[in-house]
Protein chains: 2
Amino acid sequence: MRRIFASIAIMILSLCTYIQGRPTMQSPDLILMPYPAEVQIEPGVFRLSDDFRIAVEGAVTPRLERAIVRARQRLAGRTALFFTCNEISRDGLGEGQGLVVRCERAGRLVVNEDESYRLAVSAGGIRLEARTDIGGLHGLETLLQLLQADENGFFFPAVSIQDQPRFPWRGLLIDACRHWMPVDVILHNLDAMAAAKLNVLHWHLSEDQGFRVESKLFPKLHQLGSDGLYYTQEQIREIIGIAADRGIRVVPEFDMPGHATSWFVGYPHLASAAGPFKIERRYGVMDPVMDPTKETTYEFLEAFWREMTALFPDEYVHIGGDENNGKMWNANAEIQAFKQANNLADNHALQAYFNNRLYKILTRYQKKLVGWDEILHPDMPNNSVIHSWRGTQALVEAAQKGYMSILSNGYYIDLCQSAAFHYLNDPIPAGSQMTQDERKRVLGGEAAMWSEIATKETVDSRIWPRTLAIAERLWSPAERCDVDDMYRRMERISVQLEELGLLHLKNSAMMLRRLAAGQDPEAAQNLLEWLAPVQGYYRTDHTPYTSFSPFTRMVDAAPPESLPARRFARLVDAYLEERKPGDRDALLKVMDGWESNHDALVRLIKKAPALREVEPTSAILQQLGRAGREAVSYFGKKQKPTAAWSARQKELIAAAQKPNAELLIPVAGAMEKLFNAAAQ
Amino acid sequence: MRRIFASIAIMILSLCTYIQGRPTMQSPDLILMPYPAEVQIEPGVFRLSDDFRIAVEGAVTPRLERAIVRARQRLAGRTALFFTCNEISRDGLGEGQGLVVRCERAGRLVVNEDESYRLAVSAGGIRLEARTDIGGLHGLETLLQLLQADENGFFFPAVSIQDQPRFPWRGLLIDACRHWMPVDVILHNLDAMAAAKLNVLHWHLSEDQGFRVESKLFPKLHQLGSDGLYYTQEQIREIIGIAADRGIRVVPEFDMPGHATSWFVGYPHLASAAGPFKIERRYGVMDPVMDPTKETTYEFLEAFWREMTALFPDEYVHIGGDENNGKMWNANAEIQAFKQANNLADNHALQAYFNNRLYKILTRYQKKLVGWDEILHPDMPNNSVIHSWRGTQALVEAAQKGYMSILSNGYYIDLCQSAAFHYLNDPIPAGSQMTQDERKRVLGGEAAMWSEIATKETVDSRIWPRTLAIAERLWSPAERCDVDDMYRRMERISVQLEELGLLHLKNSAMMLRRLAAGQDPEAAQNLLEWLAPVQGYYRTDHTPYTSFSPFTRMVDAAPPESLPARRFARLVDAYLEERKPGDRDALLKVMDGWESNHDALVRLIKKAPALREVEPTSAILQQLGRAGREAVSYFGKKQKPTAAWSARQKELIAAAQKPNAELLIPVAGAMEKLFNAAAQ
């Protein structure tokens, strides 16, 4: 499910252009994300002091109490206030004392549970009301985002908020197979998901490269299929418990019949060809696939799912079902004979037969089924959920055929695309021809964090902050698509997420220290600000990565998107529009920095060989800086650059747009504009 | 055990002065820590390439194999090399191909196990030999520290190393009670301990503020005594297993009869006064103490220790035994009667009676006992280990009486003392009068990380890098005490430790981003470089901290020791000695930075109220910068500063040496020197 991602982008970007042109609801002071459905700004503020108190009314669940304790500790952490009262009152509060939370009942962890809340802040106090405690949790997160400061201290601005999600299924997929993701990675991402009001952890737990769950029934699955890197059942129960405590459902994925090499290491009889098998270290679509024609396969899967459906309480399980290349089936005479005997026209029909058998097994265990696009087949019962990785077309088709569906196409956050790209990718694009009923079947979407080229060191930076943009797309009204405003809020909330233990901002500097091999990494840091990883599948297409490869290079330390480059492009636009000397000076300062940094980097590289691969990129950036200074010098002058000069800059831009060390120079586009304008 | 720490320091510092004066073994290119016992530098290097291979000979234990896999991945991470071979060969290697590891047998996790190794690097290959696989693990860590780089890439310098520890007990105490330390904190600290060749995790698991272990026999211990923050038995087994995999013993401490309020919440009948009890939130020495006169107490402890000794496999358990203030005993008539009836002269004798009962219980479970100083009593059998928190005098006394002992006095790393202080604190100080037999009974020492004012966010920065200095004191020959050389190596290894997941360097910047409340934290960062937390018990003595307090302020973001301040002091010394213009310019640059930063900080504070408390400190630093510039201007001139000027600077120094917001300005001493010199 790793291939189609660009085509839809262009369509969506053009669709949304007209929306961006309209005036947006500006709320310059509220850094909320996902932005609530309705926000009314009121006069006044509620001042926070060490006297701050919290009371609960209505149904007080342990989940709500724990959430209040965590929220209060985060407030104390941000404000450094020593709250004098650390209890939760059940006897109400006096005027101006603090926060009252009232929920009506415990929320259930099911699709379409009520997640709404109302939050009212005034000088006299804060009132948070929700139907369920899950709605209450969302309201607490919104309140934490409302915190502001001025010369007199911390305060909450007076507001009246009414909020509920647009889609009921707002997920994050974490692939713990291609690279192992320790318990701690999952735990702090659950906290961050709660902050972003996401409510589904889609946990990708088996793959060619690893089987990551302890199985007591079939212990060779994890013993031989994981290099010792798997979650014990107790760890899984702990994670599910903490997720539930955050209002998050956990949907496990056991990918079958393909993507299953690691199963066959311990249980080769499940495969469609003779073993032995080894854990796969490379990436891509592999041949090994389960044998769907043997009853022993279903006996195994019946027992396997009995164990796993007891371990994972959610009403849904994900069976994968993607990217079976069919080669092993084609090469197996018995399987071909089975197809003929059963009137199965092709491999897709054979896989549908397999899926149907799975469906029956899972139904016996009271589970509903999610699978990738490929499971869509006339024989698939339509209480299943189709998970689209190939495009919104599949989503529409599924909805029209009566299936529920969720979208991940356009939300593949491992591909290092921009937050704007993901933000404008709507499960139900504006202008969609779907009926009301069909629209209702689109349950939402999931950011998908595949981990071929992400490790526990880098995974947070690939998920955050861009997943905030996806979270807003899935929560907030469709009309909210002002990209600049999104970036402004995303950068602020990104810093706030650090209090939850995420490494998304911290680890880049750490990785640069390692690359600098004992020297000052500053020159590498300066360079990295202006670089971004190449997007899409370029990396795995061009480098024979395995699970042993180092993911510690500059491209791994680079955030997926260079926000300085984005701001620089805006500055170039502004300068070309208005020619303000201040903007010119700001441009020159940046470009001078590119020029002077190169020599420092070259010195650093002399004793830091792992940085050598970015020397050509740095040299190009130096040349861009130099040429940029020349370009600026032409503005306001009669004399224009020569054709030779322009030709040289064209070559330079082409060089900057070519990946080197799997990195790009994202200011290339802005510099091209500058050069072209200088030449006119 | 939190009080005596300064007196010994002065003695040790003076003892070591003469050693520092002697010429030291300079090995300018080898950044090894703890430094090996014998190092012979040879000509040549072994160049690392993607062809690097690893082979094993002799006894190949799973522990060794896993350590090799981890070491190779760390090498790949640092060098960004894509190793073509990711297997471990058992058929030897060709010339120049790589590393051969030979161990004779699996090491046992007992005191005095053989931990030695020999490491020989030449252009033709690397050979690591050890009696036990634990020695092999140490050798791998040394090899990783040997990695160097030049213009031609990465290499290991040719060396011949013979190494073994000076002391067999080299520990780190982590207090998981005053603040909860999640599993992940323990796990990455175990990796760092292994890198520092420490071999004992002393896990402080029960306290007034929390009981942190799941007890299946007495579930109210963790259910009512921990706020839900405890280690499950499976987590404990996981941690013990990973520790064993690193060659690290795990010694649990259940502190008794005092420091036990959290036990009494669920089991008040254990206490020496009537309940009910609540989890303690404050810090200090509390009154609640077990009742040592009731048989029901021992029945409980018999069962309790039966459960816990089965859970923790090490031959030692730690019973605490410290800081019982005796108040509850004094107030309890029955306990007084018991003392009289049993001829127990005082509370110390009563506690000795209690300890003796414990001793018998633990002996039945084949455990030996460790306890703090206070357990030393004629009735205590001398196969026990005395853990000295009050001074080396107790250590000497214990050794003379035939007890084994370990030292933590002088190693209290929560007190934010300098690495130099800890480094020069020797369990057997030079000039000690102990006999050879007595010396042998000094098993080593433990860095003690108490957590009253440390949280999971800050604990790594309190442990590392300074614990490297303690690790070297306990591992390397006593003669190695060149402080400058230690700092030089410590700073480099500190960065290397980050690859193990430690947050000790990363989190300061994160905390500053939070303090900056959405603004650029640069001015706070600039200030923080020159500040250090006040040392010793000042913080808890002056602020009524509780476990709910925020530990997110500048003092918490500050590293325990300002290394820039240390370098600045050296620069002042150099300048005063030689008056080089280059040094003067360097001083002026720093001092100008102090001056100009203040205004930026004041602007930042306007919207970052949690930073307001450091404004006075910043103002003093600004004045120091200004006065420093004036001072420098007097050098080489006839005109000397006025007495009024000198008096003003004296006041300024006094102000800088007074804690503000629990922070000090550690350049004050150097500035005083500069002012004095200017006035002469």
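Keep in mind it's a predicted model, so treat the numbers as computed, not measured.

1. Some points on the pattern of salt bridges
All names here are of chain A. Summed over the entire model, instances satisfying the criterion amount to 102 salt bridges over all chains. Residue Arg108 is joined to Glu113 by a salt bridge in which the shortest nitrogen-to-oxygen separation is 3.6 Å. Overall, the relative accessible area of 9% leaves Glu113 in the buried class.

2. Comments concerning the relation of the copies chain B and chain A
Each of the two chain copies goes to the other by way of a rotation about an axis and a shift along it. Aligned on chain A, chain B shows an RMSD of 0.0 Å; the corresponding rotation is 180 degrees and the shift along the axis is 0.0 Å. Here the transformation between the copies is reduced to the relation of a two-fold axis. Identified as the residue of chain B closest to the rotation axis by C-alpha distance is Lys506 of chain B, at 2.9 Å. Of the interface residues in chain B, 100% have counterparts in chain A that sit at the interface too, so the contact is made through matching surfaces.

3. As for unusual backbone geometry
Here the residue pair Met256 of chain B and Pro257 of chain B is connected by a cis peptide bond, since its omega of 5 degrees sits within 30 degrees of zero. Secondary-structure assignment places Pro257 of chain B in the loop between β11 (249-254) and α7 (261-266). Look at the link from Gly275 of chain B to Pro276 of chain B: it is a cis peptide, with omega at -5 degrees. Position of Pro276 of chain B among the secondary structure elements: in the loop between α7 and α8 (295-311). In the Ramachandran plot, Ala517 of chain A falls in the positive-phi region, its phi being about 50 degrees despite a non-glycine side chain. Structurally, Ala517 of chain A is set in the loop between α18 (506-515) and α19 (522-528). With phi around 65 degrees, Glu662 of chain A is a residue other than glycine that occupies positive phi space. When you line up the elements, Glu662 of chain A lands in the loop between α25 (643-656) and β18 (663-664). Given a relative accessible area of 5%, Glu662 of chain A falls into the buried group.

4. Here's the deal with the confidence of the model for chain A
All names here are of chain A. Averaged over every residue, the pLDDT of chain A is 94; the share at 70 or more is 96%. Across residues 1-28, where pLDDT falls below 50, the model places 55 contacts with residues more than four positions away in sequence or in other chains. Model confidence for the complex is summarised by a pTM of 0.95, with the ipTM given as 0.94.

5. Re the packing of aromatic side chains
Overall, the coordinates contain 63 aromatic pairs over all chains when judged by the stated rule. When the ring of Phe52 of chain A is compared with that of Phe83 of chain A, the centres are 5.7 Å apart and the planes differ by 45 degrees; the resulting orientation is tilted. With Phe52 of chain A in the loop between β1 (38-47) and β2 (53-58) and Phe83 of chain A in the loop between α2 (62-79) and β3 (98-105), this residue pair connects regions lying 31 residues apart in the sequence. Accessibility assignment for this pair places Phe52 of chain A and Phe83 of chain A in one class, buried. Ring plane angle 45 degrees and centroid distance 6.0 Å describe the contact between Tyr298 of chain B and Phe354 of chain B, whose orientation is recorded as tilted. Of the two residues, Tyr298 of chain B is situated in helix α8 and Phe354 of chain B in helix α11 (residues 347-364); the sequence distance between them amounts to 56 residues. By relative accessible area, which is 3% here, Tyr298 of chain B ends up buried. Among the aromatic residues, ring-to-ring pairing joins Trp180, Trp203, Phe211, Phe218, Tyr231, Phe254, Trp263, Tyr267, Phe300, Phe304, Trp305 and Phe312 of chain A into one connected group. Sitting above the plane of the Tyr487 of chain A ring, Arg566 of chain A keeps its charged end 3.7 Å from the centroid.

6. Comments concerning the interface of chain B and chain A
Reports often express the size of an interface as the amount of accessible area lost when the parts come together. With 45 residues of chain B at the interface, the matching set in chain A holds 45 residues. For the pair chain B and chain A, the summed buried area comes to about 4000 Å², and 59% of that belongs to carbon and sulfur atoms. Linking chain B with chain A are two salt bridges. Among the ionic pairs, Glu498 of chain A bridges to Arg513 of chain B, the shortest N-O distance being 2.6 Å. Viewed at the interface, chain A and chain B are joined by 16 residue pairs in polar contact (both at pLDDT 80 or more). Elements represented by at least two residues in the side of chain B that touches chain A include exactly α2 (62-79), β6 (148-150), β7 (153-163), α6 (233-245), α17 (483-497) and α18 (506-515) of chain B.

7. So, the side chain of Ser384 of chain B
Here Ser384 of chain B lies in the loop between β13 (368-372) and β14 (385-388). From its side chain, Ser384 of chain B meets the backbone oxygen of Pro381 of chain B in a polar contact 3.1 Å long.

8. So, helix α25 (residues 643-656) of chain B
All names here are of chain B. Taking 1.5 Å as the rise per residue, α25 with 14 residues should run 20 Å; its terminal C-alpha atoms sit 20 Å apart, in good agreement. The complete set of buried residues in α25 reads Trp645, Gln649, Leu652, Ile653 and Ala656. Here the buried residues of α25 occupy an arc of 100 degrees about the axis, which is enough to place them on one side. More than 90 degrees from the buried face of α25, the exposed residues found are Ala643, Lys650 and Glu651.

9. Regarding the environment of Ser384 of chain B
The exposure class of Ser384 of chain B is buried, given its relative accessible area of 0%. For Ser384 of chain B and Tyr403 of chain B, which are 19 residues apart along the polypeptide, the C-alpha to C-alpha distance reads 6.3 Å.

10. Re the domain arrangement of chain A
All names here are of chain A. By domain assignment, chain A separates into domain 1 (38-163), domain 2 (197-494) and domain 3 (506-679). Look at where the C-alpha atoms of domain 2 and domain 3 centre, and you get two points 37 Å apart. With 22 residues of domain 2 in contact, the opposing surface of domain 3 contributes 27 residues. The contact between domain 2 and domain 3 buries some 2100 Å² in all, and 54% of this surface belongs to carbon and sulfur atoms. Counting every contact that joins domain 2 to domain 3 gives twelve residue pairs in polar contact (both at pLDDT 80 or more). Listing elements by their share of the side of domain 2 that touches domain 3, those giving two or more residues are α15 (459-463) and α17 (483-497). The dominant element in the side of domain 2 that touches domain 3, judged by the number of residues it contributes, is α17, at four residues.

The rules we used
Residues numbered from 1 in each chain as written. Chains lettered and ligands numbered in written order. Predicted model: local features only at pLDDT ≥ 70, side-chain atom pairs only at ≥ 80, totals over all residues. Heavy atoms only, no water. Salt bridge = Lys/Arg side-chain N within 4 Å of Asp/Glu carboxyl O. Buried < 20%, exposed > 50% of the residue type's maximum accessible area, 1.4 Å probe, protein only. Least-squares fit on C-alpha atoms with pLDDT ≥ 70 in both. Contact = heavy atoms within 4.5 Å. Helix = DSSP H or I, 4+ residues; strand = E, 2+ residues; numbered from the N terminus. pLDDT = per-residue confidence, 0-100. Phe/Tyr/Trp six-rings, centres within 6.5 Å; stacked < 30°, edge-to-face > 60°. Lys NZ or Arg CZ within 6 Å of the ring centre and 35° of its normal. Buried area = accessible area lost by both parts, 1.4 Å probe. Polar contact = N/O pair within 3.5 Å; in protein donor to acceptor, adjacent residues only side chain to side chain. Expected span 1.5 Å × (residues − 1). Arc of directions from axis to C-beta. Domains from an automatic or database assignment.

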